[in-house]
Amino acid sequence: MGVEESLEQATSDASLRHALEVSNKIEQKIAEDPSEFRVLTGDRPTGNLHLGHYFGSLRNRVTLQRRGVETWLVIADFQVITDRDGTGPLTERVHSLATDYLAVGLDPEKSVIFTHSAIPALNELMLPFLSVVTDSELYRNPTVKAEHEATGGRPMSGLLLTYPVHQAADILFCKANLVPVGKDQLPHLEQARVIADRFEARYGHPAGTDEPVFPRPQALLSGGASILGLDGQKMSKSRGNTIELKMTADETAKRLKKAVTDSERHITYDPENRPEVSNLVLMTAFALDRDPVELAEEIGDGGSGTLKKMATEALNEMLAPIRARRAELEADPGYIEGIIKRGNEIANERANETLREVRAAMNMNY
Ligand code: TRP
């Protein structure tokens, strides 16, 4: 298979199966020796984190960190402007995102939390990286296509078209070899591998070494089913169907009270035919660490009233310590600012070091 087709292949069933197999093997390796791995992951600071993020990725990041894997977290502020006109209240959002990271249990002593815009050498990697990708590869990326379609006729910005390359710089500047992702991010990871390979093929190694500058990063598929919004659509702030981590217990109860269910009284777990009810069952099951099918059977004729009551209790109980920690952190904004500042210092050192190797490989030694 040519590298060009491999981007499209990344979302096909066969390659999804392959990605799952690779992920399972990585899980075993982590159990044997977590120090072999460096994780890079992150989020766009576009709004508050919600349960979709929590069940889809945050929980998994905390687990990986507790298992002993080094964790780098990019607050992707330059990615905010891929598909919108302004940056919005960016400073607050960046602080809020870092606060959420610590509130859910990511350990600031074991993580590097940094922002794109403060790391010039990371951004400079875009130039050599753009030189090894083709425009047709960029236009073919299915996730970029979908994201562009979701903007409703807005012209595609050059930054949206090339953000997978920027994301490769996020991953490769710190030489991360593991990226925990949902399947929509698989094409981006494939692009990052292609960039690492082609960089080596074209520019070689820094003089005096036979080590490639960049590792080939692997995806770790997060496995868990994704959560829908409370109306059965994709969970997203703009639809008002989320439960944000920072909401109060009362706000959570109100949102859940209004959650869409269906006309059948008996509760079952049947995501295909009863997406809304099953989604409530699943969130509750995740929060209680239980099996959704058993939980649905137990509720049975209790109907959606009982289901919503259980969901509210379980989610509020799970979120209570996260919210308490959040309130503590919010009381001391200087602390979060310090965490980001220190993260940016560490990331800058690493990025400068990597850029020196890149220049050495490219004979740019002046
Ligand atoms: N695009 C990711 C998201 O929207 C955030 C992100 C930025 C990221 N850079 C990354 C994820 C690098 C993984 C690796 O969620």
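This structure is a prediction, so every number in the text was calculated from the model and none was measured. (Residues numbered from 1 in each chain as written. Predicted model: local features only at pLDDT ≥ 70, side-chain atom pairs only at ≥ 80, totals over all residues. Heavy atoms only, no water.)

Undergrad: Looking at this structure, I do not really get the pattern of salt bridges. What am I missing?
TA: Side-chain pairs of opposite charge can arise where the charged atoms are in close proximity. Applying the stated criterion across every chain yields a total of 20 salt bridges. Two residues, D100 and R326, come together in a salt bridge whose shortest N-O distance is 2.8 Å. Taken together, the residues span a long stretch of sequence, with D100 in helix α4 (residues 90-103) and R326 in helix α14 (residues 303-330) at a distance of 226 residues. With relative accessibility at 4%, the residue R326 sits in the buried group. Here K110 makes a salt bridge to D107, at a shortest N to O gap of 3.9 Å. By relative accessible area, D107 is classed as partly exposed at 24%. Among the charged side chains, a network of salt bridges with common partners joins R44, D83 and R84. (Salt bridge = Lys/Arg side-chain N within 4 Å of Asp/Glu carboxyl O. Helix = DSSP H or I, 4+ residues; strand = E, 2+ residues; numbered from the N terminus. Buried < 20%, exposed > 50% of the residue type's maximum accessible area, 1.4 Å probe, protein only.)

Undergrad: Would you mind showing me how to read unusual backbone geometry here?
TA: Most peptide bonds take the trans form, and the phi angle of most residues other than glycine is negative. Despite not being glycine, K175 has its phi angle at roughly 60°, a positive value. Within the secondary structure, K175 sits in the loop between α9 (158-173) and β4 (178-181). Of the residues examined, K175 reaches a relative accessible area of 26% and is grouped as partly exposed. Its identity as a non-glycine residue notwithstanding, N363 has a phi of 60°, on the positive side. Mapped onto the elements of the fold, N363 is located in the segment after α15 (333-361).

Undergrad: Got a minute to help me understand the environment of T134 in this structure?
TA: Of note, T134 is situated in the loop between α6 (126-131) and α7 (135-140). Here the side chain of T134 touches E137 through a polar contact of 3.2 Å, landing on its backbone nitrogen. (Polar contact = N/O pair within 3.5 Å; in protein donor to acceptor, adjacent residues only side chain to side chain.)

Undergrad: Which parts of the structure should I look at to understand helix α2 (residues 13-32)?
TA: Taking 1.5 Å of rise per residue, the 20 residues of α2 would be expected to cover 28 Å, and the 29 Å separating its terminal C-alpha atoms lies within 8% of that figure. Every buried residue of α2 is accounted for by S15, A19, S23, I26 and I30. Seen along its axis, α2 keeps its buried residues to an arc of 90°; they face one direction. Those residues of α2 that are exposed and aimed more than 90 degrees away from the buried face are D13, R17, K25, Q28, A31 and E32. (Expected span 1.5 Å × (residues − 1). Arc of directions from axis to C-beta.)

Undergrad: I tried to follow the environment of T91 on my own but got confused; where do I start?
TA: Position of T91 relative to the elements: it lies in helix α4. By relative accessible area, which is 52% here, T91 ends up exposed. Taking C-alpha positions, T91 is 9.5 Å from D77, a pair spaced 14 residues apart along the chain.

Undergrad: Please clarify how the packing of helix α3 (residues 51-66) against helix α12 (residues 275-288) should be interpreted in this entry.
TA: For any two helices packed against each other, the geometry comes down to the angle between their axes and how far apart the axes lie. In contact at an axis separation of 12 Å, α3 and α12 are set at 45° when each is read in the N-to-C sense. By the angle between their directions, the pair α3 and α12 is classed as oblique. Handedness of the crossing formed by α3 with α12: left-handed. Seen from α3, the contacting residues are L51, F55 and R59; seen from α12, they are M283, F286 and A287. In terms of residue class, the contact of α3 with α12 is made up of 5 nonpolar, no polar and 1 charged. (Axes fitted to C-alpha atoms, helices over the stretch in contact; angles between N-to-C directions. Parallel < 35°, antiparallel > 145°, perpendicular 65-115°, else oblique. Left-handed = near helix turned anticlockwise from the far one by under 90°. Contact = heavy atoms within 4.5 Å. Nonpolar A, V, L, I, M, F, W, Y, C, P; charged D, E, K, R; others polar.)

Undergrad: How do you make sense of the environment of Q167 when you look at a structure like this?
TA: As for its placement among the helices and strands, Q167 is situated in helix α9. Of the residues examined, Q167 reaches a relative accessible area of 13% and is grouped as buried. Each C-alpha atom of the pair Q167 and D301 lies 48 Å from the other, and the pair is 134 residues apart in sequence. Among residues more than four places away in sequence, those in contact with Q167 are Q79, Q185 and H188. Of note is the side chain of Q167, whose polar atom sits 2.8 Å from the side chain of Q79.

Undergrad: Quick question: what am I supposed to make of the domain arrangement of the protein here?
TA: The parts lose accessible area when they come together, and the size of an interface is often stated as this lost area. Domain parsing of the protein yields domain 1 (3-227 + 333-362) and domain 2 (237-331). Summarising the inter-unit geometry, the C-alpha centres of domain 1 and domain 2 are found 30 Å apart. Of the residues lining the interface, 20 residues belong to domain 1; the matching set on domain 2 comes to 20 residues. When the buried surface of domain 1 facing domain 2 is broken down by residue, N48, L51 and I227 rank first, second and third, together holding 28% of it. Across the contact surface, domain 1 and domain 2 share 5 residue pairs in polar contact (both at pLDDT 80 or more). Broken down by secondary-structure element, the contributors of at least two residues to the side of domain 1 that touches domain 2 are α3, α4 and α15. Residues belonging to the side of domain 1 that touches domain 2 are distributed by class as follows: 13 nonpolar, 5 polar and 2 charged. (Domains from an automatic or database assignment. Buried area = accessible area lost by both parts, 1.4 Å probe.)

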